[in-house]
Amino acid sequence: MLQYSMLYPKQSVSRRTVSMDGMWKFSLDPEGKGTENGWTDGIPQADLIPVPASFQDFYTDKDTREYAGDLWYETDVFVPEEYAGKNVAIRFGCATHRAEVYLNGVHVTSHVGGFLPFMADITNVARYNAVNKVVVKINNELSETNIPCGKTKVLSNGKKMNSPYFDFFNYSGLQRPVKLVAYPKEYVFDLTVDHRINGRDADVSYSVVTTGEHPVEVTVYDEDGREVAVSQGKEGILHIENAHLWQVRNAYLYTFTVRIKDEEEVLDEYSEEIGVRTVEVKGKDILINGSPVYLKGFGKHEDSDIVGRGFHIGVMKRDFECMKWIGANSFRTSHYPYSDEIYQMADREGFLVIDEVPAVGLFESLMNFMEASTGKKTAFFAKDTIPELLENHLHAVEEMITRDKNHACVIAWSLLNEPETTDEAAVPYFEKVFARAHELDVQKRPRTFALIMNSLPDTCKCYHLADVISMNRYYGWYLMGGYEMCDAEAAFRAEMDKWAGKNLDRPFVFTEYGADTYAAEHKLPSVMWSQEYQKEYLEMCHRVFDSYDFIKGEQVWNFADFQTTEGIMRVNGNKKGIFTRQRQPKDAAFYFKERWESLPLDH
Ligand code: GCB
């Protein structure tokens, strides 16, 4: 079990949360001497920088943007007198990729992994009714022992540089909201729910973890605030009559309130909005509330101008509006779990989410999307870095599932993106990761991983572990693009015929397919990179998808153009977006709107 509660900070009769977002002091530490020089007490000559945001795109010099190493943040936080006697903590939405947190010079916590929240307990270190100094030391270097994988090299001028084995910019820093939270000593640590539908009614089994022995009561309220079910005890079943189910793009959220009680006194109260629905894979179908669904949507990124990977509430809103306009019903959180608020919004809007752990780059290559199709092998899973990597990976899976398990929107766990699966050495690693996800999720949601181009029916050693087979395929882009499109289609069909021949009786979802397209480029007849080519490419892919009854979803790569490392394969970023980075439609967006609005829900 995790050391800290993953429940999203909320206000209630017993809980307080105060935003710590704003301008923080900020300093790079290229020599790595901050700790030695006493920066844990306060950082010298600091600049001011917004939190939440990635630090990279504010500055105009390249050394800062490309910086690899330690970076320091500092702010003051006032801890009110009324918090004395409670638990007090600072909750970081994330710190990319590893963090050490100090309060008034005292080390309070460390965390590894850049895309999931953690809490620094400051109860015994805080000064009450006084200002306290928070210092966070972050390190953003990539390695093969932590996810996402990459390496950090040293240039001839002595500066460090990150080399990701993945195709998105290594944005880092305090990229998500930070909150000061206060909650009682005896408190609700965790809540887990699982749903069963019985005719018109629903039975929600729940379990609550608290830090004490006082009795627990769970009450369910409908959207009008009416009490519809109540149960006593840390475990039980909540019976909801005439249940209003959470449906795809037609959400309904009940409020589940957990109270720890001492007679009539409420010691702690925690509420969460939860949709009642079931998810199941049956034969070739993905079933939501027993009905088959076809996924229409995107692989996304948390990525936008200026703030980089920083959570921006306005960008989130625009993204959902674009996805609704185009007729999408789903997205994958490629290639890392997103900020909590995005799942809350997906719950509210009825979107289906494939939730992905940051296990990307488990194939040693700067351009794995290219090199995989050349047959390159890197023996990634045979390396001696694997035991430590696996430990961090399993920990991230635990954090992700613990954080996201109650979201109705989360219908599957993606446990890796494009790992090297052509070597037997991958199998034991995969088995452990898949087993852990199964053990942690009471809803037993389907598990998957995104198959890279060389993970083929006759070369992939791991697909048998996936409940849903997720395919990333680029026939007609990385392979046989342009005028060779007819050969691309033939090769694509030949691969799909082989999968069909395996009779796996399992759903397949395309979690990636796409073509880089310059928003300003038009050409008749088409050429690669033009808007016209993107459409021809997509039409070819859709012809293939529509020919196989086991294909149960299409999530095009990518929702929007996004930043990557610079290089000859990328023109200031990846341009496979259906929308531009500013969230305006390319021509293909209108084509998708037509297709997706006319596809039946179960296709
Ligand atoms: C992939 C990767 C994704 C890349 C994409 C591309 O296979 O999973 O991260 O951005 O291909 O555009 O090459």
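Being a predicted model, the structure only gives us computed values, none of them experimental.

**Remarks on the overall build of the protein chain**
Assigned secondary structure in the protein chain consists of nine helices and 30 strands. Expected size for 603 residues packed as a compact globule is a radius of gyration near 25 Å; at 24 Å, the protein chain falls within 12% of this value. Counting only C-alpha atoms and orienting by the principal axes, one finds that the protein chain spans roughly 70 × 70 × 45 Å. Taken across its 603 residues, the protein chain has 62% of its residues classed as buried. For the protein chain, long-range pairs separated by at least 24 residues make up 71% of all intrachain contacts whose partners lie at least 6 apart in sequence.

**Some points on the packing of helix α7 (residues 485-501) against helix α8 (residues 531-545)**
A pair of packed helices is characterised by two quantities: the angle between their axes and the separation of those axes. Interaxial distance between α7 and α8 falls to 10 Å at its minimum, and their mutual angle equals 30 degrees. With respect to α8, the axis of α7 lies roughly parallel. Relative to α8, α7 is oriented so that their crossing is right-handed. Packed against α7, whose contacting residues are Met-485, Ala-488, Glu-489, Phe-492, Arg-493 and Met-496, the element α8 presents Tyr-533, Glu-536, Tyr-537, Met-540, Cys-541, Arg-543, Val-544 and Phe-545 at the interface.

**A word on α7**
Along its 17 residues, α7 runs 24 Å from first to last C-alpha, staying within 8% of the 24 Å computed at 1.5 Å per residue. The set of residues buried in α7 consists of Met-485, Ala-488, Glu-489, Phe-492, Glu-495, Met-496 and Trp-499. The buried residues of α7 all sit within an arc of 130 degrees when viewed along its axis, so they share a single face. Turned more than 90 degrees off the buried face of α7, the exposed positions are Cys-486 and Gly-501. Packed against the buried residues of α7 are β27 (447-451), β28 (469-472), β29 (508-512), α8 and β30 (551-557). Of the residues trailing α7, Asn-503 is marked for its positive phi of about 45 degrees.

**Comments concerning the layout of surface pockets**
Of the volumes computed, that of the largest pocket is approximately 380 Å³. Residue lining of the largest pocket: 15 residues in total, with Asp-63, Glu-66, Tyr-67, Lys-159 and Lys-160 positioned closest to the centre. Its residues placed into classes, the lining of the largest pocket shows six nonpolar, three polar and six charged.

**Quick look at the sheet that holds strand β14 (residues 201-210)**
Read across the sheet, three strands follow the order β13-β14-β17 without closing on themselves; strand pairing throughout is antiparallel. Strand pairing shows two members of the sheet lacking a second neighbour, β13 (188-198) and β17 (235-240), which therefore form its edges. With strand direction ignored, the average angle separating the axes of adjacent strands in the sheet is 25 degrees.

**Thoughts on the domain arrangement of the protein chain**
Here the domain parsing of the protein chain yields domain 1 (16-183), domain 2 (188-277) and domain 3 (294-514 + 534-558). Taking only C-alpha atoms into account, the centre of domain 1 sits 35 Å from that of domain 2.

**Quick notes on the sheet that holds strand β25 (residues 352-356)**
Overall, parallel pairing links the eight strands, which are arranged β23-β24-β25-β26-β27-β28-β29-β30 in a closed barrel. Pairs of neighbouring strands in the sheet enclose a mean axial angle of 25 degrees, with direction left out of account. With four bridges connecting them, β28 and β29 associate as parallel partners. Bridged to Ser-470 within β29 is Val-509. Against the sheet, α7 engages β27, β28, β29 and β30, with an angle of about 140 degrees to β29.

**With respect to the side chain of Thr-278**
Here Thr-278 shows up in the loop between β19 (265-274) and β20 (279-282). For Thr-278, a relative accessible area of 18% corresponds to the buried category. Those residues within four positions of Thr-278 in sequence are excluded, and the remaining contacts are His-195, Arg-196, Ile-197, Leu-287, Ile-288, Asn-289 and Gly-290.

**Quick word on the site of the ligand**
Near the ligand there are 14 residues, and of these Asp-167, His-335, Glu-418, Tyr-478 and Lys-576 occur at the shortest range. Take His-335: an N or O atom from its side chain is 2.7 Å from an oxygen atom of the ligand. One of the side-chain nitrogen or oxygen atoms of Glu-418 is found 2.4 Å away from an oxygen atom of the ligand. Contact with the protein chains hides 98% of the accessible area of the ligand, taken as 320 Å² for the molecule alone. Partitioned by chemical class, the residues of the shell around the ligand number five nonpolar, four polar and five charged.

Quick notes on the rules
- Residues numbered from 1 in each chain as written.
- Predicted model: local features only at pLDDT ≥ 70, side-chain atom pairs only at ≥ 80, totals over all residues.
- Heavy atoms only, no water.
- Helix = DSSP H or I, 4+ residues; strand = E, 2+ residues; numbered from the N terminus.
- Rg over C-alpha atoms; globule rule 2.2 N^0.38 Å.
- Buried < 20%, exposed > 50% of the residue type's maximum accessible area, 1.4 Å probe, protein only.
- Contact = heavy atoms within 4.5 Å.
- Axes fitted to C-alpha atoms, helices over the stretch in contact; angles between N-to-C directions.
- Parallel < 35°, antiparallel > 145°, perpendicular 65-115°, else oblique.
- Left-handed = near helix turned anticlockwise from the far one by under 90°.
- Expected span 1.5 Å × (residues − 1).
- Arc of directions from axis to C-beta.
- 1 Å grid on protein atoms, 1.4 Å probe; cavity = no way out; pocket = protein on both sides within 12 Å on 5 of 7 lines; lining within 4 Å.
- Points joined across faces, edges and corners; volume = space filled by probe spheres on them.
- Nonpolar A, V, L, I, M, F, W, Y, C, P; charged D, E, K, R; others polar.
- Pairing = 2+ DSSP bridges.
- Domains from an automatic or database assignment.
- Near = heavy atom within 4 Å.
- Polar contact = N/O pair within 3.5 Å; in protein donor to acceptor, adjacent residues only side chain to side chain.
- Areas by Shrake-Rupley, 256 points an atom, 1.4 Å probe, with all protein chains shown as cover.

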